[in-house]
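The lines below spell out each chain.
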Amino acid sequence: MDVNKIQLDIWLKKIKDILEESRCVLQEVKYSKVADLPQSVSDSEGKSISIVFGGQYSAGKSSILKTLTGMDDIKIGAAITTQTVREFDWNGIKIIDTPGIKNGINMDHDEIAYKAINEADMLIYVVTENLFDNYIAEDFRRLLIDHNKAKEMMLFVNKMGNNGNSVEIRKIKENDLKRVMHPYENAVKIVFIDAKDYLDSVSLGNEADDEEIKKALYERSNYAGMVRAVNEFVHEKGMTAKLTTPLQQVSYALEDAIVELNKEIGNPGIEMLIEKMRQEKKTLDDNRREVESDINLIIAEHSSQIRDLGRQVSDAVSKATSEGDVKQIVDTAYDKVDTISDDCGKCIEEKFSKGITELGKSLESLENNPNFKRIELSLTENGEDSPIVRYILKENLISNIGTRLAENTVNKNNIATGLETFSGSEVHDVIIKLGGKLGKKFKPWEAVKLTKKINYLAKGLTIASVIFSVALQIKDDVDRENAEQEMRENRRKIRTTFNEVANEMETYFKNTVKNEITDSYLTSIRSIDENIEEILRLEGNKKIEVDRLKRENQACKNLISEIQEYAVE
């Protein structure tokens with residue numbers, strides 16, 4: 001059909017904009033076939049209109065081409081005769097033959113055929129008189145609807161000579177076909193032919209009997225109707241088909257890129273890995289909370305023992321009668337505080353060692369979960385080259401958490417007693433990471449600080465001991481009252497000093513636990529959170545990219561429909 005210049009210029013501008021924008025988007029998502037895409041409509045200027053023959057294998061496509069072109073060297077037969085794309089010229093039109101699809105033998109034939117269909121201006125889809133089976137119907141509708149080929153397509157039903165190719169038979173088959181073609185049953189022209197009948201008719205001699213047979217075969221072949229239909233098809237839709245061809249090619253590329261990106265977004269290996277990492281985090285956090293709670297209880301219990309000791313010393317000093325008694329009481333108290341602080345450190349070590357052992361068991365069980373053992377295979381099967389999978393492999397996130405933490409190990413030789421339980425296991429590294437913190441161990445509360453406290457206390461009590469030694473000689477009520485007041489003050493100082501000792505011990509052990517243990521847990525937990533966030537960020541970016549590709553593809557399809565609708569008017 002003729003297209004006025006103004007309308008043509010409008011379309012060319014729209015096509016140019018869509019091709020440029022689509023190419024830009026595909027480059028940004030790193031689509032591998034960008035270089036193969038048309039850059040403008042001018043890429044096809046000067047080229048012949050191209051018609052591709054596609055469809056069911058052994059439907060007689062090669063026979064139809066031999067019928068149209070008259071070329072004797074086109075191989076035909078009952079078997080699969082076309083293995084690659086072949087091009088022929090017919091009245092200045094480029095005719096393209098493709099391998100049949102869904103043959104169940106050569107799966108690469110489908111890819112070859114679809115590529116040729118995508119690059120051609122127009123499509124003639126060929127089936128036999130048996131019409132569609134489920135596979136061919138699905139393929140036909142995909143081209144008809146998903147690839148916007150409805151208004152640039154004809155349907156040839158070949159081998160109709162087997163049924164006589166009468167008007168009545170055609171009507172019956174046409175009704176059957178329209179159910180598959182809905183809602184484009186009126187857009188696609190159907191031509192019933194028999195290419196073999198035509199070839200047989202031209203191969204017969206010129207005898208009278210042959211002439212009658214030739215005529216019957218020729219009429220049954222509907223050769224004239226086929227040629228007329230193709231010429232009308234090209235005349236009506238050839239111009240607009242050439243305009244939509246680059247758009248069809250870009251649309252196909254956009255859909256291909258969407259499929260590839262969706263593989264990354266829906267990769268089951270990624271979902272399994274995130275779930276595993278979340279369970280690892282919960283296991284670490286639960287173990288941390290339990291260990292911290294138990295250790296804080298240990299610290300509180302030992303601090304309470306020191307405070308109780310202060311009260312006991314306060315009472316004992318008040319009953320002392322000499323400086324020697326006071327010194328004895330203070331020395332004994334020092335030894336007990338030292339024992340209490342030493343025992344506190346040992347109890348913390350034991351509790352932490354037990355907690356780490358339980359953590360190891362929990363992580364080992366998690367690592368042996370059959371679902372999580374399939375993560376690596378699932379990841380690589382569904383997109384090994386994707387940015388998300390590359391990040392996962394780079395950060396070694398598939399391996400167990402122990403292996404990932406091994407890089408930060410403090411000293412693999414300084415493991416707390418009892419941690420050898422998991423030696424050689426896959427989880428051993430996480431025990432090394434956390435248990436290695438105990439290489440320093442919890443030294444009994446620093447003796448220097450404690451000695452100072454006790455020494456100051458002893459010096460302060462020397463005066464009190466003198467007061468105690470002469471207490472019975474005090475006659476004056478005022479002196480007695482002053483002595484009792486000083487005694488009460490000394491007892492208060494004793495209790496205060498031991499409370500300060502208990503507080504310092506609590507502070508020391510809690511800070512040590514935080515700096516040497518809790519931070520190790522929290523660092524590991526933060527690392528897991530950061531990795532999950534990065535995976536989700538990358539996955540979210542992919543979803544944004546898919547949405548953008550879908551918008552570009554819809555714009556492309558809308559313009560195809562606009563041009564095709566104009567051709568129908």
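A. A look at the environment of Ile190. Checked against the element boundaries, Ile190 lands in strand β6 (residues 189–192). Of the residues examined, Ile190 reaches a relative accessible area of 15% and is grouped as buried. The spatial distance from the C-alpha of Ile190 to the C-alpha of Glu174 is 7.7 Å, given a sequence separation of 16 residues. Setting aside its immediate chain neighbours within four residues, Ile190 contacts Leu155, Val157, Glu174, Leu177 and Met181.

B. Local environment of the packing of aromatic side chains. Going through the model one piece at a time under the given rule, you end up with seven aromatic pairs. A centroid spacing of 5.1 Å and a plane angle of 70° characterise the contact between Tyr125 and Phe140, whose relative ring orientation is edge-to-face. Here the residue Tyr125 occupies a position in strand β4 (residues 122–128), and Phe140 occupies one in helix α4 (residues 134–146), the gap between them amounting to 15 residues. With relative accessibility at 0%, the residue Tyr125 sits in the buried group. Classification of Phe140 by relative accessible area gives buried; the value is 0%. Joined through ring pairs, the aromatic side chains of Tyr125, Phe132 and Phe140 make up one cluster. Lying across the ring of Tyr114, Arg142 places its NZ or CZ 4.6 Å from the centre.

C. Expanded view of α4. The terminal C-alpha atoms of α4 lie 17 Å apart, and with 13 residues this matches the ideal 18 Å at 1.5 Å per residue to within 8%. Of the positions making up α4, those classed as buried are Ile136, Ala137, Asp139, Phe140, Leu143 and Leu144. Buried residues of α4, seen end-on, are gathered within an arc of 165° and therefore sit on one face of the element. Among the exposed residues of α4, those oriented more than 90 degrees off its buried face are Asn134, Tyr135 and Glu138. Capping of α4 at its N-terminal end is provided by Asp133; its side-chain oxygen lies 3.1 Å from the backbone amide nitrogen of Tyr135.

D. Main features of the side chain of Asn158. Position of Asn158 among the secondary structure elements: in strand β5 (residues 153–158). Classification of Asn158 by relative accessible area gives buried; the value is 2%. At 2.9 Å, the side chain of Asn158 and the backbone oxygen of Ala59 are in polar contact. Within the local environment of Asn158, its side chain forms a polar contact with the backbone nitrogen of Ala195, the two atoms lying 3.0 Å apart. Ignoring sequence-local partners within four residues, the contact set of Asn158 consists of Ala59, Gly60, Ile64, Val126, Val127, Thr128, Glu129, Ile193, Asp194 and Ala195.

E. Molecular detail of the pattern of salt bridges. This structure, assessed with the given rule, holds 30 salt bridges. One salt bridge in this structure joins Lys115 and Glu119, with 2.7 Å as the shortest N-O distance. Of this pair, Lys115 and Glu119 both sit in helix α3 (residues 108–119), four residues apart, which is roughly one turn of the helix. Across the salt bridge formed by Asp285 and Arg289, the nearest N and O atoms sit 3.1 Å from each other. In this pair, Asp285 and Arg289 both sit in helix α9 (residues 268–318), four residues apart, roughly one turn of the helix. Members of the salt-bridge network, linked through shared partners, are Asp285, Arg288, Arg289 and Glu292.

F. Spatial organisation of unusual backbone geometry. Omega for the bond connecting His182 with Pro183 falls within 30 degrees of zero, at 10°, which places this linkage in the cis form. Residue position: Pro183 is located in the loop between α5 (167–181) and β6. Phi is positive for Lys30, close to 60°, though the residue is something other than glycine. If you trace the backbone, Lys30 turns up in the loop between α1 (5–28) and β1 (50–55). Backbone geometry at Asn222 places phi at a positive 60°, although glycine is not the residue there. By secondary structure assignment, the location of Asn222 is in the loop between α7 (208–221) and α8 (223–265).

G. Structural view of the sheet that holds β4. Spatial ordering of the open sheet is given by β2-β3-β1-β4-β5-β6, a layout of six strands whose pairing is mixed. Two strands in the sheet have a free side with no partner beyond their single neighbour: β2 (86–90) and β6. Recorded for the sheet is a direction-independent mean angle of 25° between the axes of neighbouring strands. Here β5 pairs with β6 via four bridges, running parallel. In the sheet register, Leu155 faces β6, and the bridge partner there is Ile190.

H. Region of the structure containing the pairing of β4. When you tally the buried positions in β4, you get seven out of seven residues, the bulk of the element. Side chains of β4 alternate between two faces, with Met122, Ile124, Val126 and Thr128 and Leu123, Tyr125 and Val127 buried alike. Where β1 meets β4, five bridges bridge the pair, whose relative direction is parallel. Residue pairing across strands places Phe53 opposite Ile124, the latter belonging to β4. As paired elements, β4 and β5 share six bridges and run parallel to each other. Opposite Tyr125, over in β5, you have Leu155 as the bridge partner. For the crossover from β4 across α4 to β5, the handedness is right-handed.

Conventions used here
Residues numbered from 1 in each chain as written. Predicted model: local features only at pLDDT ≥ 70, side-chain atom pairs only at ≥ 80, totals over all residues. Heavy atoms only, no water. Helix = DSSP H or I, 4+ residues; strand = E, 2+ residues; numbered from the N terminus. Buried < 20%, exposed > 50% of the residue type's maximum accessible area, 1.4 Å probe, protein only. Contact = heavy atoms within 4.5 Å. Phe/Tyr/Trp six-rings, centres within 6.5 Å; stacked < 30°, edge-to-face > 60°. Lys NZ or Arg CZ within 6 Å of the ring centre and 35° of its normal. Expected span 1.5 Å × (residues − 1). Arc of directions from axis to C-beta. Polar contact = N/O pair within 3.5 Å; in protein donor to acceptor, adjacent residues only side chain to side chain. Salt bridge = Lys/Arg side-chain N within 4 Å of Asp/Glu carboxyl O. Pairing = 2+ DSSP bridges. Axes fitted to C-alpha atoms, helices over the stretch in contact; angles between N-to-C directions. Right-handed = clockwise from strand over helix to strand, strands pointing away.

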